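Inside the fold
Chain residues, written in single-letter form:
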Amino acid sequence: CYGSSKWSIIIMKHEAIYQLYPNVKTIDETDEGLFPKDENGEAVSIDMSAVETKATELQTEEDAKVQADKDLKASAKAKLIAGEALTEEEANTIVI
């Protein structure tokens, strides 16, 4: 889980570039921005607006996964306290 930190934003932008531009093999990052390159080290032109949109989608998906995991753990805890049976998915959240 990346959370919504500065690092997660950077990671999501990189992931967005790799998903949108499969020919990108590396990304150099400087204070001036992101500089994706192909397998030959040549610059790849990207649409930063599309990257930002995709990065936001990816972050939203990650946030939803994190929340679903929290909800599942809370449900498992409540059932354990109440003496109810857990689903297999809830049981898998318990670390022993």
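Preceding block: the structure.
Residues numbered from 1 in each chain as written. Predicted model: local features only at pLDDT ≥ 70, side-chain atom pairs only at ≥ 80, totals over all residues. Heavy atoms only, no water.

1. Some thoughts on the pairing of strand β2 (residues 33-37)
Examined bridge by bridge, strand β1 (residues 26-30) and β2 share five bridges and lie antiparallel to one another. Counted as the bridge partner of threonine 26 is lysine 37 from β2. The turn linking β1 back onto β2 is made up of two residues. (Pairing = 2+ DSSP bridges. Helix = DSSP H or I, 4+ residues; strand = E, 2+ residues; numbered from the N terminus.)

2. Digging into the pattern of salt bridges
In this structure the tally under the stated criterion is five salt bridges. The partner of lysine 13 in a salt bridge is glutamate 52, and the shortest N-O contact between them spans 3.1 Å. Placement of lysine 13 in helix α1 (residues 6-20) and of glutamate 52 in helix α2 (residues 48-82) is noted, with a sequence separation of 39 residues between them. A relative accessible area of 35% places glutamate 52 in the partly exposed class. The partner of glutamate 90 in a salt bridge is lysine 79, and the shortest N-O contact between them spans 3.1 Å. A residue pair is termed long-range when its members are at least 10 positions apart, and glutamate 90 in helix α3 (residues 88-91) and lysine 79 in helix α2 qualify at 11 residues. (Salt bridge = Lys/Arg side-chain N within 4 Å of Asp/Glu carboxyl O. Buried < 20%, exposed > 50% of the residue type's maximum accessible area, 1.4 Å probe, protein only.)

It is worth stressing that arrangement in space is one thing and function is another; only the former is reported here.
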